[in-house]
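Structural description and commentary
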Amino acid sequence: TIGANMTALLSDAATAHLEWTRGKETDLMTRALVMPSNVVTRNRFVAGTTYTTLSKTSITVEYQYNGFGLDKRGFTRLAAVPGAQLAYLSEALRLQELAPRQAVLLYITQKGLFLKDLDLTAYLRYNPGDNSKLAWLQLRHHWSNFDLTFQLQQNIGRASSEFGILPDRTVMQVLGTYYF
């Protein structure tokens, strides 16, 4: 496997990042469905940019590509085989691998939302292969030695989709962190 990564400062407020690898391995579907070994050479690629405003809002947009993952047509064909899509998505989750061929990510952070020590973070990941989404929202207040956090996560998609197979559709948490 070979790879490269690069980060560039585009302006006082914007950065760009790029990561690329190329390697030989068995594709994800072959591993998930325990099929005869099919070693292929493919690429993985991530590119994105972050822009930070004067009001301390940071917005990151990222494109993700996994040559070993399924495209939209592959997801459609796999859905026709009972249990195959679940096996594929479970294996991708187990390997912490990007299941679709392509995905898009949006990440936003606002420091000092209304109050100096109150931060808001939002995250959305979209899988165009099966049209599922993972949305996450966090509100965190900082004190000198304690943080109080509210988190909300929503998994959106059909039961046979990447985020629809997750056991919880909606997760809400209140967390306290004490620093000593």
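Per-chain numbering applies: the sequence of each chain, read as written, is numbered from 1 onward. Per-residue local features of the predicted model are confined to residues with pLDDT of at least 70, and side-chain atom pairs are confined, for both listing and counting, to 80 or more; whole-chain, interface and lining totals are unaffected and use all residues. Here the side-chain values reflect all heavy atoms present in the structure, with hydrogen atoms and water set aside.

Let's shift gears to the overall build of the chain. In this text, helices come from DSSP runs of H or I with a minimum length of four residues, and strands from runs of E with a minimum of two, each type numbered from the N-terminal end. The helix and strand tally for the chain stands at three helices and nine strands. Within the chain, the fraction of its 180 residues that count as buried is 34%. By definition in these notes, contact holds between two residues if any of their heavy atoms fall within 4.5 Å. Partitioning the contacts of the chain with sequence separation of at least 6, the portion at a separation of at least 24 is 45%. A gap of 6 Å separates the mean positions of the 18 positive and 14 negative side-chain charges of the chain. Accessible area is worked out with a 1.4 Å probe on protein chains only. A residue is then buried under 20% of its type maximum, exposed over 50%, and partly exposed in between. In this tally, Asp and Glu contribute negative charge and Lys and Arg positive charge; neither His nor the terminal groups of the chain are included. Here the site of a charge means atom NZ of a Lys, CZ of an Arg, CG of an Asp or CD of a Glu.

Right, let's talk about the pairing of strand 6 (residues 118-127) for a bit. Each regular strand shows side chains that alternate between the opposite faces of the sheet. Bridge count for strand 5 (residues 102-110) against strand 6 is seven bridges, and the pairing is antiparallel. Bridge pairing in strand 6 places I108 opposite A122. Pairing between strand 6 and strand 7 (residues 132-142): ten bridges, direction antiparallel. When the bridges of strand 7 are listed, L120 appears paired with L139. A pair of strands counts as paired when DSSP detects no fewer than two bridges linking them.

Time to look at a nonpolar patch on the surface. The patches reported here contain residues having more than 30% relative accessible area and no salt bridge. Joining distances are 9 Å for like charges and 5 Å for nonpolar side chains (Val, Leu, Ile, Met, Phe, Trp, Tyr). Per-residue and other accessible areas were derived by the Shrake-Rupley procedure at a 1.4 Å probe size, with only the shown protein chains allowed to occlude residues. A side-chain nitrogen of Lys or Arg and a carboxyl oxygen of Asp or Glu constitute a salt bridge if their distance falls within 4 Å. Together, L139, W143, F146, L148, F150, M172, V174, Y178 and F180 make up a nonpolar patch on the protein surface, roughly 1000 Å² of accessible area in all. For the nonpolar patch, the secondary-structure elements that each account for two or more residues are strand 8 (146-156) and strand 9 (170-178). Secondary-structure assignment places W143 in the loop between strand 7 and strand 8. Under the relative-accessibility criterion, W143 is labelled partly exposed at 45%.

This paragraph deals with unusual backbone geometry. With a phi close to 55 degrees, Q96 is a non-glycine residue in the positive phi region. Topologically, Q96 is positioned in the loop between helix 3 (84-95) and strand 5.

Our focus in this paragraph is the packing of aromatic side chains. Note on ring pairs: Phe, Tyr and Trp rings are taken, using the six-membered ring of Trp, and paired if centres are within 6.5 Å. Classes follow the plane angle, with under 30 degrees stacked, over 60 edge-to-face and the rest tilted. Tallying each qualifying case throughout the model produces five aromatic pairs. Ring geometry for F45 and Y63: centres 6.4 Å apart, planes at 55 degrees, overall tilted. In this pair, F45 sits in strand 3 (residues 39-52) while Y63 sits in strand 4 (residues 57-66), placing the two residues 18 residues apart along the sequence. Ring geometry for Y107 versus Y123: centroids 6.4 Å apart, planes at 80 degrees, classification edge-to-face. On the criterion of sequence distance, the pair formed by Y107 in strand 5 and Y123 in strand 6 is long-range, its members being 16 residues apart. Here Y107 falls in the partly exposed class, since its relative accessible area comes to 31%.

The next thing to look at is the nonpolar core. By nonpolar core is meant a set of buried Ala, Val, Leu, Ile, Met, Phe, Trp, Tyr and Cys residues that side-chain atoms within 4.5 Å join together. Of all hydrophobic cores here, the largest spans eleven residues; its members are L28, A32, L70, F75, L78, A84, Y88, L89, A92, A99 and I165. The biggest single contributor to this core is helix 3, with four residues.

Our focus in this paragraph is the pairing of strand 1 (residues 2-9). Summarising burial for strand 1: zero of the eight residues are buried, a small minority. Linkage of strand 1 to strand 2 (residues 14-26), two consecutive antiparallel strands, is achieved through a turn of four residues.

Okay, the side chain of Q64 next. Within the secondary structure, Q64 is located in strand 4. Whenever two N or O atoms come within 3.5 Å, that pair is a polar contact, provided that in protein one can donate a hydrogen and the other can accept it, and provided that, for residues adjacent in sequence, both atoms are side-chain atoms. A polar contact is formed between the side chain of Q64 and the side chain of E62, at a distance of 2.8 Å. A distance of 3.2 Å separates polar atoms of two side chains, one belonging to Q64 and the other to R125. Setting aside residues no more than four positions away along its own chain, Q64 makes contact with F45, V46, L98, R101, Q102, A103, L105 and R125.

The next thing to look at is the environment of T21. Locating T21 in the fold gives a position in strand 2. With 60 residues separating them in the primary sequence, T21 and V81 have C-alpha atoms 31 Å apart. In contact with T21, not counting residues within four places along its chain, are T1, I2, G3, R42, N43 and R44.

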